[in-house]
Structures are given as C-alpha cells and as structure tokens.
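One letter stands for each residue in the lines below.
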Amino acid sequence: LSSRYAFLFKLDHGSLDYNIPNSTLFASVAEIFDIAFQYQLKTTRSPHELARGRAILEENIMVALQNENKLLAQLGIQDESSLSVFVRETVTAFFRNDLLQAIQTFMKGAKGSFGLCVTTSLDSDRQMVLA
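Focus on the pattern of salt bridges
Okay, so step 1: With the rule as written, the count across this model stands at two salt bridges.
Okay, so step 2: E58 is the salt-bridge partner of R54, the closest N and O atoms lying 3.5 Å from each other. On the criterion of helical spacing, the pair formed by R54 and E58 is a turn pair, its members being four residues apart in helix α4 (residues 54-66).
Okay, so step 3: Under the relative-accessibility criterion, R54 is labelled partly exposed at 21%.
Okay, so step 4: A salt bridge links E89 to R88, with the nearest nitrogen and oxygen atoms 3.8 Å apart.
Okay, so step 5: You can call E89 buried: its relative accessible area is 17%.
Okay, so step 6: Its relative accessible area of 34% is what places R88 among the partly exposed residues.

Here it is in structure tokens:
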C-alpha cells in the first residue's frame, strides 16, 4: 500500500490521464522494498539505530530498483529524481501511516451522517466506533 500511495499521490504524472499499474506490479515493487528492509533489520542492532539508518535503507532500495528497468517503465519512472521521490515517499508512508493516521485523514474529509467501526488484526480484541 505504501508504494501505491507514493505512486498515486507523490509522483508527478504530468496530467490526470495516466495508467495505474495493477496490484501484481505493486506487489513486485513491495517485495524489493521488503528485501531491503529485512536486510536492514538483520544488520541493525536497535530500533534507534534503524531510525538513523533510514537514509541507508532508501539508498539500498534505490540501488535495487535501478536494476529493474521493466518495473520502473511500468511505473512511469524515467529518471533518478522521480525514483528518489518514489522511494523516499514509499518509505515515509510505510513508517508514518498507520490506522490512526488513516482514520484522521478520513475524518477530516467526512461529511454527513454515517457510522464507522475500526479494527485491526494487530489489536483484534479492541475496536473504535465513531458515529
């Protein structure tokens, strides 16, 4: 989801007339990000060190994606600047966007009468209900 978010909202597509890649392509991109993240976790000793190593994580992902010409072409990423934005924004979305952020974003634009029930598999015994 983080890579889809970066693609849709952070890349400059030039116009609103562009193709949105399918979920299989985003899954392939996510796999590259995951491999780099797993490597970072194995080589890092503490969460604090991991936070400082975010630039290293982004650089490792950049290097991995630069070898994926077909994938980049399907995403419409044609230069290093766009690739850098895509990687940085995907990593940022992964670390910063959580369920609370999603609900806050939704509620800022919500209008009218509705009910909303929020739950997550990470904390399945609790729910938040808004009306």
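Things to note about the environment of L99
Okay, so step 1: Inspection of the secondary structure assignment puts L99 in helix α7 (residues 99-109).
Okay, so step 2: Here the alpha-carbon distance between L99 and A30, two residues 69 residues apart in the chain, equals 19 Å.
Okay, so step 3: Beyond its immediate stretch of four places on either side in the chain, L99 contacts V118, T119 and T120.

Overview of the packing of aromatic side chains
Okay, so step 1: Across all of its chains, the model carries five aromatic pairs by this definition.
Okay, so step 2: With a centroid separation of 6.1 Å and an interplanar angle of 80 degrees, the aromatic rings of F33 and F86 are classed as edge-to-face. You can see F33 sitting in helix α2 (residues 23-43) and its partner F86 sitting in helix α6 (residues 80-96), a full 53 residues away along the chain. For the pair shown, F33 and F86 are each scored as buried.
Okay, so step 3: Aromatic rings pair up to connect F7, Y18 and F26 into one cluster.

Description of the nonpolar core
Okay, so step 1: In this structure, F33, I61, L65, L75, F86 and V87 are the most contacted members of the largest nonpolar core, which totals 22 residues.
Okay, so step 2: No other element matches α2, which puts seven residues into this core.
Okay, so step 3: Beyond its immediate stretch of four places on either side in the chain, V87 contacts F33, E58, I61, M62 and L65.

What counts and how
- Residues numbered from 1 in each chain as written.
- Predicted model: local features only at pLDDT ≥ 70, side-chain atom pairs only at ≥ 80, totals over all residues.
- Heavy atoms only, no water.
- Salt bridge = Lys/Arg side-chain N within 4 Å of Asp/Glu carboxyl O.
- Helix = DSSP H or I, 4+ residues; strand = E, 2+ residues; numbered from the N terminus.
- Buried < 20%, exposed > 50% of the residue type's maximum accessible area, 1.4 Å probe, protein only.
- Contact = heavy atoms within 4.5 Å.
- Phe/Tyr/Trp six-rings, centres within 6.5 Å; stacked < 30°, edge-to-face > 60°.
- Core = buried A, V, L, I, M, F, W, Y, C linked by side-chain atoms within 4.5 Å.

Interpretation note: all reported values are geometric properties and have no functional meaning in isolation.
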